Amino acid sequence: MTRFVYLADTHWGVETPGYTMQESQPARLPELLAALEAWMATHGSVEFVLHGGDMIDSTSEEHIDRVAELFRLSVPVYLCLGNHDLTREGAAQMWLDQAPHLFLGGANFTVETPDCFLHVVPNQWGPDPYVWNGVQKPHFLPEQDRLIESGLTRDDHRVHILSTHSPFCGVPADQTGLLDPFHSPPQDFFERGQALSRAHRPLRCVLGAHSHINTCVAAQDAHFVTTSSFVEVPFDFKCFDIVDGYLSMTTHSLADHMEGAAGYNYEKTFVQGRACDRMFGH
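Residues numbered from 1 in each chain as written. Predicted model: local features only at pLDDT ≥ 70, side-chain atom pairs only at ≥ 80, totals over all residues. Heavy atoms only, no water.

## A closer look at the packing of aromatic side chains
Here's step 1: All chains considered together, the criterion is met by 14 aromatic pairs.
Here's step 2: Judged by centre distance (5.9 Å) and plane angle (55°), the rings of Tyr 78 and Phe 109 are tilted. With a gap of 31 residues between them, Tyr 78 in strand S3 (residues 77-79) and Phe 109 in strand S4 (residues 109-112) connect regions that are remote in the sequence. Like Tyr 78, the residue Phe 109 is buried in the burial classification.
Here's step 3: Measuring from centroid to centroid gives 6.5 Å for Phe 230 and Phe 237, while their planes differ by 80°, and the two rings are edge-to-face. (Phe/Tyr/Trp six-rings, centres within 6.5 Å; stacked < 30°, edge-to-face > 60°. Helix = DSSP H or I, 4+ residues; strand = E, 2+ residues; numbered from the N terminus. Buried < 20%, exposed > 50% of the residue type's maximum accessible area, 1.4 Å probe, protein only.)

So this is what it looks like as structure tokens:
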């Protein structure tokens, strides 16, 4: 059995949060990680934690050094770089130099267990690789596409999971109550995700972040999942279990572990998702 925790969008270092969906409390990250450690200690063996990106709010040596220290947990932590992690030239190399324990040899890597392959491939944003200058046109470099395609052909008896920061799917209107899907990606990126799902049956789950919303869209045999911000009330994260080819997901909140966890906006309950957005098993 493999169990791992998935969280995202901690935005360490921000003084005035920009894009948020619920009240953001990034300065409480050390407290939240202590609460997560306590949760893991009482909920069975967790093999590793995957951070889905935007670990920091802007790239600096100080911010990277601090989160590299904060995320030294009792289990390994891996990072799929997000746009806010890449706000200056050379950012990816800064991460690899200053926080190598968050990666497996490079920004693109695969976590392999007896039950699964977790392919971590951070998408690009604009014309300059691994740099975000405000442009949001998610795509992969040709070499990343080759890594994904070759990785998904390995041992089709094991579950395959792909992690990237920008979601392949928008948040369904059925979830938000809006007329159209929310936070939808460009059509070509959406189609890339659908094509991967059709071509690779062992691909059972695609993990995204970026929207700060819990959602789950089923397509073919895969689930396209996003998670809300770990530092926004009620401090949600996800737990994945893989055993004998069976993949399940549950979503958990640390609100009960945090004193003074107030500020929830009940006009945006769609952020936490419906039951089908918070759990599945197949």
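From this point, things continue past the structure.
## Side note on the nonpolar core
Nonpolar side chains in soluble globular proteins tend to be buried together.
Here's step 1: Phe 71 and Trp 95 are the most contacted members of the largest nonpolar core, which totals 67 residues.
Here's step 2: Among the elements that take part in this core, helix H1 (residues 29-42) stands out by supplying 7 residues, more than any other.
Here's step 3: Sequence-distant contacts of Trp 95, that is, excluding residues within four places in its chain, are made with Met 55, Ile 56, Ile 64, Val 67, Leu 79, Leu 81, Asp 85, Pro 100, Leu 102 and Phe 103.
Here's step 4: Listed in part, the 14 residues of the second largest apolar core include Ile 148, Phe 168, Phe 189 and Ala 219. (Core = buried A, V, L, I, M, F, W, Y, C linked by side-chain atoms within 4.5 Å. Contact = heavy atoms within 4.5 Å.)

## A look at the layout of surface pockets
Here's step 1: Reported here for the largest pocket is a volume of approximately 220 Å³.
Here's step 2: In terms of lining residues, the largest pocket is bounded by 20 residues, among which His 11, Tyr 19, Asp 54, His 84 and His 212 are the most central.
Here's step 3: Partitioning the lining of the largest pocket into residue classes produces 5 nonpolar, 11 polar and 4 charged. (1 Å grid on protein atoms, 1.4 Å probe; cavity = no way out; pocket = protein on both sides within 12 Å on 5 of 7 lines; lining within 4 Å. Points joined across faces, edges and corners; volume = space filled by probe spheres on them. Nonpolar A, V, L, I, M, F, W, Y, C, P; charged D, E, K, R; others polar.)

## Regarding the environment of Asn 123
Here's step 1: By secondary structure assignment, the location of Asn 123 is in the loop between strand S5 (116-120) and helix H4 (142-151).
Here's step 2: According to the relative accessible area criterion, Asn 123 is buried, its value standing at 1%.
Here's step 3: Taking C-alpha positions, Asn 123 is 5.6 Å from His 139, a pair spaced 16 residues apart along the chain.
Here's step 4: Once residues within four sequence positions are removed from consideration, Asn 123 is found in contact with Pro 138, His 139, Phe 140, Thr 164, His 165, Ser 166 and Phe 189.
Here's step 5: Among the polar contacts made by the side chain of Asn 123, one reaches the main-chain amide nitrogen of Ser 166 at a distance of 2.8 Å. (Polar contact = N/O pair within 3.5 Å; in protein donor to acceptor, adjacent residues only side chain to side chain.)

## A closer look at H1
Here's step 1: Its 14 residues give H1 an end-to-end C-alpha distance of 20 Å, which sits within 8% of 20 Å, the value for a rise of 1.5 Å per residue.
Here's step 2: In this structure, the buried residues of H1 make contact with strand S1 (2-7), strand S2 (48-51), helix H2 (61-70), strand S10 (236-243) and strand S11 (246-253).
Here's step 3: A positive phi of about 85° marks Gly 44, the residue just after H1. (Expected span 1.5 Å × (residues − 1).)

## A look at unusual backbone geometry
Here's step 1: Following Val 233, the chain continues to Pro 234 via a peptide bond in cis, the omega torsion being 10°.
Here's step 2: The topology assignment puts Pro 234 in the loop between strand S9 (222-226) and S10.
Here's step 3: One non-glycine residue, Asp 155, lies in the positive phi region at around 40°.
Here's step 4: By secondary structure assignment, the location of Asp 155 is in the loop between H4 and strand S6 (159-163).
Here's step 5: The exposure class of Asp 155 is partly exposed, given its relative accessible area of 33%.

## Some details on the sheet that holds S1
Here's step 1: Pairing in this open sheet of 6 strands is mixed, and the strands run S3-S2-S1-S10-S11-S12 from one edge to the other. Strands at the two margins of the open sheet, each flanked by one partner only, are S3 and strand S12 (280-281).
Here's step 2: In this structure, S2 lies alongside S3, joined through 3 bridges in parallel fashion. By the bridge assignment for S3, His 51 is matched with Leu 79. (Pairing = 2+ DSSP bridges.)

## Topic: the pairing of S10
Here's step 1: The buried fraction of S10 amounts to 7 of the 8 residues, a majority that puts the element mostly inside the structure.
Here's step 2: In the sheet, S1 pairs with S10 via 5 bridges, with the strands oriented antiparallel. In the strand pairing of S10, Tyr 6 is matched with Lys 238.
Here's step 3: A loop of 2 residues connects S10 with S11, the two strands running antiparallel in sequence, and Asp 244 in this loop sits at a positive phi of about 50°.

## A short note on the sheet that holds strand S7 (residues 203-208)
Here's step 1: Strands sit in the order S4-S5-S6-S7-S9-S8 across an open sheet of 6 strands; the sheet is mixed. Looking along the sheet, the strands with just one partner apiece sit at the ends: S4 and strand S8 (215-219). Ignoring which end each strand starts from, the neighbouring axes of this sheet average 20° apart.
Here's step 2: Note: S8 against S9, 5 bridges, orientation antiparallel. Looking at the pairing, Thr 215 lines up with Thr 226 of S9.
Here's step 3: The strands touched by helix H6 (residues 187-199) within the sheet are S6, S7, S8 and S9, with S9 carrying the most contacts at an inclination of about 145°. (Axes fitted to C-alpha atoms, helices over the stretch in contact; angles between N-to-C directions.)

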